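# Architecture and fold: a report
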Amino acid sequence: MAKKILVSCGTAVATSTVVLRKIEENLEEKGIKVNLIQCKAAEVPSKLDGVDLIVTTTPVGDVGDIPVIQTLSFLTGIGVDADMEKIISYIKE
Amino acid sequence: MKIEDILKAECILGNIEAPSKEAALKIMAEKLYSLGYVKESYIQAIQDREANYPSGLPMEDLKIAIPHTDADHVNQSVICFARLPEDVEFSVMGDPDQKIPVRLISMFALKEKKKIGDLLETLITTYQDNNVLKALLNAEDDTAIYNILYDNVGKNLKAS
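Notes on the structure follow.

The rules we used
Residues numbered from 1 in each chain as written. Chains lettered and ligands numbered in written order. Predicted model: local features only at pLDDT ≥ 70, side-chain atom pairs only at ≥ 80, totals over all residues. Heavy atoms only, no water. Contact = heavy atoms within 4.5 Å. Buried area = accessible area lost by both parts, 1.4 Å probe. Salt bridge = Lys/Arg side-chain N within 4 Å of Asp/Glu carboxyl O. Polar contact = N/O pair within 3.5 Å; in protein donor to acceptor, adjacent residues only side chain to side chain. Helix = DSSP H or I, 4+ residues; strand = E, 2+ residues; numbered from the N terminus. Nonpolar A, V, L, I, M, F, W, Y, C, P; charged D, E, K, R; others polar. Pairing = 2+ DSSP bridges. Axes fitted to C-alpha atoms, helices over the stretch in contact; angles between N-to-C directions. Disulfide = S-S within 2.5 Å. Buried < 20%, exposed > 50% of the residue type's maximum accessible area, 1.4 Å probe, protein only.

## Topic: the interface of chain B and chain A
Counting residues at the interface gives 20 residues for chain B, matched by 18 residues for chain A. Taken together, both faces of the contact between chain B and chain A bury some 1500 Å²; the carbon and sulfur share is 59%. Remark: the boundary between chain B and chain A carries 2 salt bridges. With a closest N to O distance of 3.4 Å, Glu121 of chain B and Arg21 of chain A form a salt bridge. Here chain B and chain A share 6 residue pairs in polar contact (both at pLDDT 80 or more) between them. Looking at the side of chain B that touches chain A, the elements that each hand over two or more residues are strand 5 (95-109) and helix 4 (116-127) of chain B. Considering every element that reaches the side of chain B that touches chain A, the biggest residue donor is helix 4 of chain B, with 6 residues. For the side of chain B that touches chain A, the residue count by class is 8 nonpolar, 6 polar and 6 charged.

Structure follows, in structure tokens:
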């Protein structure tokens, strides 16, 4: 089953849309299918059901054992490759 | 979307004096209103949106902001680009507690709501290239800015 990644930003309007697309394109190129869900950072703790990884631009609250990658790389272009490696390492386990 | 449909020479403001981001956004939004691209409500809407959902991009070297607001306030889609002689402070997109100095502002007004993701991604991808930002900052005049945007945003714009 495809892994579930929650993509969050402060508002779930523009920023996470861009982050989500960038992750989707990157994974597609590598032939990896995932289920990406967009939400506000504040909503993250209430949306953890079945989530394998959280990628966020801004701090999220208590998410228990679920790994969190907080990064602006998809907006700035700095460190995208390193973040993609991290993302893949989490969803491949 | 084609680059010539949204990039207009009359909306390139290569030298605007503004002491704050609010002042810069006001000049840009009023320009778009005076040219008929947006409704009067856009002028306030762009300020509100920036206050709530900031649009500064914290690139490693030069920074830029990409303010925008809802399609309801727009008559015709357009990009408005401004360059300031001095830094103004913007908050960072996706991380509002972080502040960055900005001299380049790439505002847009988009009438087609569902294309906002495409255009945002295009602009962000374009401005991730520090050489593009450097060229915009050092461009001689409005025409030079227009040409840089035409080539680089145009290249990344999806044909759809």
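## Remarks on the sheet that holds strand 3 (residues 53-56) of chain A
Residue and element names in this part refer to chain A. Taken in spatial order, the 4 strands of this open sheet run 2-1-3-4, and their pairing is parallel. Across the chains shown, the open sheet's two edge strands, defined by having one partner strand only, are strand 2 (34-40) and strand 4 (68-70). Here the strands of the sheet are splayed against their neighbours by 20° on average, with no regard to which way each runs. One ladder, built from 4 bridges, connects strand 1 (residues 3-9) with strand 3; its direction is parallel. Residue pairing for strand 3: Ser8 is matched across the bridge by Thr56.

## Description of the state of the cysteines
With the rule as written, the count across this model stands at 0 disulfides over all chains. Free cysteine Cys9 of chain A: the closest other cysteine sulfur is in Cys39 of chain A, separated by 8.6 Å. We classify Cys9 of chain A as buried; its relative accessible area is 0%. For Cys80 of chain B, which is in no disulfide, the shortest distance to another cysteine sulfur is to Cys11 of chain B and amounts to 5.5 Å.

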